[in-house]
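Chain by chain, the residues:
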Protein chains: 2
Amino acid sequence: MQPLPSIATLAEQIRSGDLNPRDLIETCLARIEETEPKIHAWVALDPDRVRQEADILAKEASNGSARGPLHGVPIGVKDIVFTRDYPTRGGSEFLEDHVPDYDATVVERLRDAGAIILGKTVTTEFAGFDPAETRNPWNTEHTPGGSSSGSAAAVAAGAVPAALGSQTGGSISRPAAYCGIVGFKPTYGRASLRGVLELAFSLDHIGLLTRKVEDAAIVGSVISGYDPKDPNSVDHPVDFTIHPCDPAPPIGLVHALFTECTEDETRNITLSAVGCLESGGATTTAVRLPKSFANVHAMHRIIMHAEGSAYHADRFSRKPNLFRPNIRRLIEEGLLLPAAAYVEAKKHQAIFRRDILSMFRDVDIIVTPATPAPAPHGLESTGDPLFNSPWSHSGLPTVVIPVGLDANGMPVSIQLVGRHWDESRLLSAAAWCESVIGFDALPNL
Amino acid sequence: MQPLPSIATLAEQIRSGDLNPRDLIETCLARIEETEPKIHAWVALDPDRVRQEADILAKEASNGSARGPLHGVPIGVKDIVFTRDYPTRGGSEFLEDHVPDYDATVVERLRDAGAIILGKTVTTEFAGFDPAETRNPWNTEHTPGGSSSGSAAAVAAGAVPAALGSQTGGSISRPAAYCGIVGFKPTYGRASLRGVLELAFSLDHIGLLTRKVEDAAIVGSVISGYDPKDPNSVDHPVDFTIHPCDPAPPIGLVHALFTECTEDETRNITLSAVGCLESGGATTTAVRLPKSFANVHAMHRIIMHAEGSAYHADRFSRKPNLFRPNIRRLIEEGLLLPAAAYVEAKKHQAIFRRDILSMFRDVDIIVTPATPAPAPHGLESTGDPLFNSPWSHSGLPTVVIPVGLDANGMPVSIQLVGRHWDESRLLSAAAWCESVIGFDALPNL
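Residues numbered from 1 in each chain as written. Chains lettered and ligands numbered in written order. Predicted model: local features only at pLDDT ≥ 70, side-chain atom pairs only at ≥ 80, totals over all residues.

S.K.: Let's hear about the sheet that holds strand β4 (residues 162-167) of chain A: which residues, and what values?
M.R.: Residues and elements named next belong to chain A. Pairing in this open sheet of eleven strands is mixed, and the strands run β1-β3-β2-β4-β6-β5-β10-β11-β9-β7-β8 from one edge to the other. If you trace the sheet from one side to the other, it starts and ends with β1 (42-45) and β8 (284-286), each paired once. The mean angle between the axes of side-by-side strands here comes to 30°, regardless of whether they run parallel or antiparallel. The pairing of strand β7 (residues 251-253) with β8 spans three bridges and is parallel. Paired with leucine 253 across the bridge in β8 is alanine 286. This element, helix α5 (residues 149-156), spans β1, β2 (74-78), β3 (116-121), β4 and β6 (205-210) of the sheet and lies at about 150° to β4. (Pairing = 2+ DSSP bridges. Helix = DSSP H or I, 4+ residues; strand = E, 2+ residues; numbered from the N terminus. Axes fitted to C-alpha atoms, helices over the stretch in contact; angles between N-to-C directions. Contact = placed C-beta atoms within 7 Å.)

S.K.: Describe the environment of Thr270(A), with residues and values.
M.R.: Residues and elements named next belong to chain A. Mapped onto the elements of the fold, threonine 270 is located in helix α9 (residues 264-279). The class of threonine 270 is buried, set by 24 C-beta atoms lying within 10 Å. Taking the C-alpha atoms as reference points, threonine 270 and leucine 335, separated by 65 residues in sequence, lie 39 Å from one another. If we skip the residues at most four places from it in the chain, threonine 270 touches Phe258, Pro369, Val403, Val412 and Ile414. (Buried ≥ 20, exposed ≤ 12 C-beta atoms within 10 Å, placed from the backbone.)

S.K.: I'd like a description of helix α12 (residues 339-355) of chain A, backed by residues and values.
M.R.: Over its 17 residues, α12(A) runs 24 Å from end to end, which matches the ideal 24 Å to within 8%, given 1.5 Å per residue. Where α12(A) is concerned, the buried positions are Ala339(A), Ala340(A), Ala341(A), Tyr342(A), Val343(A), Ala345(A), Lys346(A), His348(A), Gln349(A) and Phe352(A). Looking at the buried residues of α12(A), the elements they touch are α10 (296-318) and α13 (389-394) of chain A together with α10 (296-318), α11 (325-336) and α12 (339-355) of chain B. (Expected span 1.5 Å × (residues − 1).)

S.K.: Just give me the short version of the sheet that holds strand β2 (residues 74-78) of chain B, but keep the residues and values in it.
M.R.: Residues and elements named next belong to chain B. If you walk across this open sheet you meet the eleven strands as β1-β3-β2-β4-β6-β5-β10-β11-β9-β7-β8, and the pairing is mixed. Two strands in the sheet have a free side with no partner beyond their single neighbour: β1 (42-45) and β8 (284-286). Geometrically, the sheet is characterised by an average inter-axis angle of 30° between neighbouring strands, direction not taken into account. With three bridges connecting them, β1 and strand β3 (residues 116-121) associate as antiparallel partners. Paired with leucine 45 across the bridge in β3 is glycine 119. In this fold helix α3 (residues 47-62) packs onto β1 and β3, with an angle of close to 155° to the strand it touches most, β3.

S.K.: Give a description of the relation of the copies chain A and chain B that names residues and reports values.
M.R.: Mapping chain A onto chain B calls for a screw motion: a turn of 180° about the axis and a shift of 0.0 Å along it, with 0.0 Å RMSD after fitting. On this basis, the relationship between the two copies can be described by a two-fold rotation axis. No C-alpha of chain A lies nearer the rotation axis than that of Ala339(A), which sits 1.8 Å from it. Looking at the interface residues of chain A, 100% of them are also at the interface in chain B, so both copies use one shared face. (Least-squares fit on C-alpha atoms with pLDDT ≥ 70 in both.)

S.K.: Tell me about the pairing of β3(B), and please be specific about residues and values.
M.R.: Residue and element names in this part refer to chain B. Burial runs high along β3: six of the six residues are buried. The pairing of β2 with β3 spans five bridges and is classified as parallel. The residue bridging glycine 76 from the neighbouring strand is glycine 119, located in β3. Taken together, β2, helix α4 (residues 105-112) and β3 constitute a β-α-β crossover, and its handedness is right-handed. (Right-handed = clockwise from strand over helix to strand, strands pointing away.)

S.K.: Tell me what's going on with the interface of chain A and chain B, and back it up with residues and numbers.
M.R.: On the side of chain B, 23 residues touch chain A, which itself brings 23 residues to the contact. In terms of residue count, α12(A) provides more of the side of chain A that touches chain B than any other element does, ten residues in total. Among the residues forming the side of chain A that touches chain B, the class breakdown is 16 nonpolar, three polar and four charged. (Nonpolar A, V, L, I, M, F, W, Y, C, P; charged D, E, K, R; others polar.)

S.K.: How would you sum up the nonpolar core? Please name residues and give values.
M.R.: Counting residues in hydrophobic clusters, the biggest one holds 267 residues, and the most contacted among them are Ile75(A), Tyr342(A), Val399(A), Ile75(B), Tyr342(B) and Val399(B). Sorting elements by how many residues they give to this core places α10(A) first, with nine residues. Each of domain 1 (1-287 + 355-445) and domain 2 (293-353) of chain B gives at least three residues to this core. Setting aside residues no more than four positions away along its own chain, Tyr342(A) makes contact with Ile302(A), Ile303(A), Ala306(A), Leu337(A), Ala339(B), Tyr342(B) and Val343(B). (Core = buried A, V, L, I, M, F, W, Y, C linked by C-beta atoms within 7 Å. Domains from an automatic or database assignment.)

S.K.: Account for α11(B), with residues named and values stated.
M.R.: With twelve residues, α11(B) ought to run about 16 Å at 1.5 Å a step, and its terminal C-alpha atoms sit 17 Å apart, in line with that. When α11(B) is considered as a whole, its buried residues turn out to be Ile327(B), Leu330(B), Ile331(B) and Gly334(B). For α11(B), the angular spread of the buried residues around the axis is 95°, confining them to a single face. Each element contacted by the buried residues of α11(B) is listed here: α12 of chain A together with α10 of chain B. (Arc of directions from axis to C-beta.)

Structure (structure tokens):
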């Protein structure tokens, strides 16, 4: 397959008149037509309207009036994010006819920047753990991961240069890792959650699936920033500039994360990627997890179950059978939780958010395996968010980048974790790692 | 009775050598000896050690080396705040022999500023609603309010120039109002809660009881500021400077708060205080409560019960009968709450914190009655926090100042509410109101 050019290149070519947005849309639509029967990444597409939008944007560009940094660039949107022109079904039968009358704030910002919402991408039901129909472009017998399954598969298939995803446990990082692309989750509170179906409001993050780190930085800075309409949005200056890393970035490694729970082949590929970064000039330092890491998964689970069950309680009391088994179990378990358990989990979250910063005393970036193993075979599971949910719990920003392929030809990735609000440094380090490692394989789709 | 001079005056006289801290301590101790049999404000006092400290501070002052802005100034500390030299019993039989091995951060900061911890003041059990033995200095047949009962009574009795209090519902504002003194609660996250017994961690505030607004600003700025050891502490610059109000401050009034639930006489005295502010040059504007105010009390109650029950769950499972009836009922009810109810209450809190700011569009300060009525007769209840708990829920800073006496000679007070982190403006307006109203009555004790 032929990968799409970078977003910076596309935007520049559109602005300069070298590329007609309509032609770009046709390329994407053709690619979708070709791959969709195999990967099932899209849940709603409206080619005619998108063509009309592209024509309007083409005219504006030729008049020299670009709307913003994404003028004419097509973006996919995970189907839990409200769009006023497409239905937003969240993968659920409850929302079959649900066409919101407003755009989510992040969609509003994309449109204001000139982006074309190409269509809605498949999500697992309510962004939970019930696998959807999407398949992994590297091998359609494997899961693409979840819950941002369609966004990851569509980007990996070269059908769109970027797609919105969301993460409560590992729903951006995991599908990015399984599909061999970049997954970027900004700090909690960075990108507005207004107009996004909830899974667990104090863990939910909006982020991006892209081919390269630079693309994630460009689209990420468009969707980020304070939104007074989201009560959990934080007013903090947005600067996602990627700076050249000179000298190479000091990297922290948590040895336990490499040895425990990581499959041998994945560990070896990850460690040789780390070796490659060291050869490239990066210094690596062993860092220690804080005590509060010990029960981070249990506490994260309590918050997710409690908040998820509160959000769905009304639907659940009316039609429990309309939920799929995994999300239903999450709600059932959540509704049985006593308030005191959730109180303790929220206290743990505040303590962990603070304690985890001790890891960044001497380094700016932590590197871990992105997942314990590559995408599992079969569509029965969306995989394991073990290495991702601590960063959803702490709200720290993360970037996942692919580093190699295993013996079965499935991607293996690393996960980079930065300090709160320190996305510029995180993205700069991630871009540096990406160029040093030079992973450029593409799925044979 | 003879009121103590202001803290600014005391500190200046000590620095200049005009006042020996030992003499000031003797004045306070004499006043305590005189009033304590009637009001029962103190739960722990160690006159000999305090005299020794005063002598050391006197020597330092005479050498020209004052430790800080409170050098030699005695402060009372509510007995839920840890002190390494006094027991911290929190009004509970569970903590009979509890002498913490460290000072709470706020106590550390007071000592660093040169303050003398005069003793521990009576709290209701675990800062809840079970009345303690303290009586109101204006009429010992009335409650002083709770839960900072001893701090309010001691300051009102002229036994100490300032005392630490804490508020989860109305535990600073209400006793201040009932005892005719100033109560100051800074923004949530301002003053560290490390080393303070919890009632409900996301509602708990540390603040001050003083005679005048200026005293509250001085001590408040000493105890405030980021504490990395408190996971809920917020890093925000502290500036509690009182500026002259010229022109007079624009004041917002919520008419519903004056008409609903406020006793006639209290309303009339409050409204004539507002009239007095208007005559002094203040413009008043009617402001509207946001929709989310409607269930603020119910949501506040759920958070308090859920967090309180989680905090005490272990003690409760071991010895339920050691709790008094009101705190026991709070724990029992809290332990029955489902997590989903607490989730909804926390979501409401975030929305209310945001929505309430709409009231400050045209004004910097909101004025309300401080309490629905003056201190109730008898010690069966600590009174009603109805007008105070919304500001604990929202985390907005408040100042209570006395404005008059009712027909029974009991104080009536107003409550001023400011924007988050805007204490300087709030305290400036409060000092202006205080000087315009000129309330100077003292209890006849």
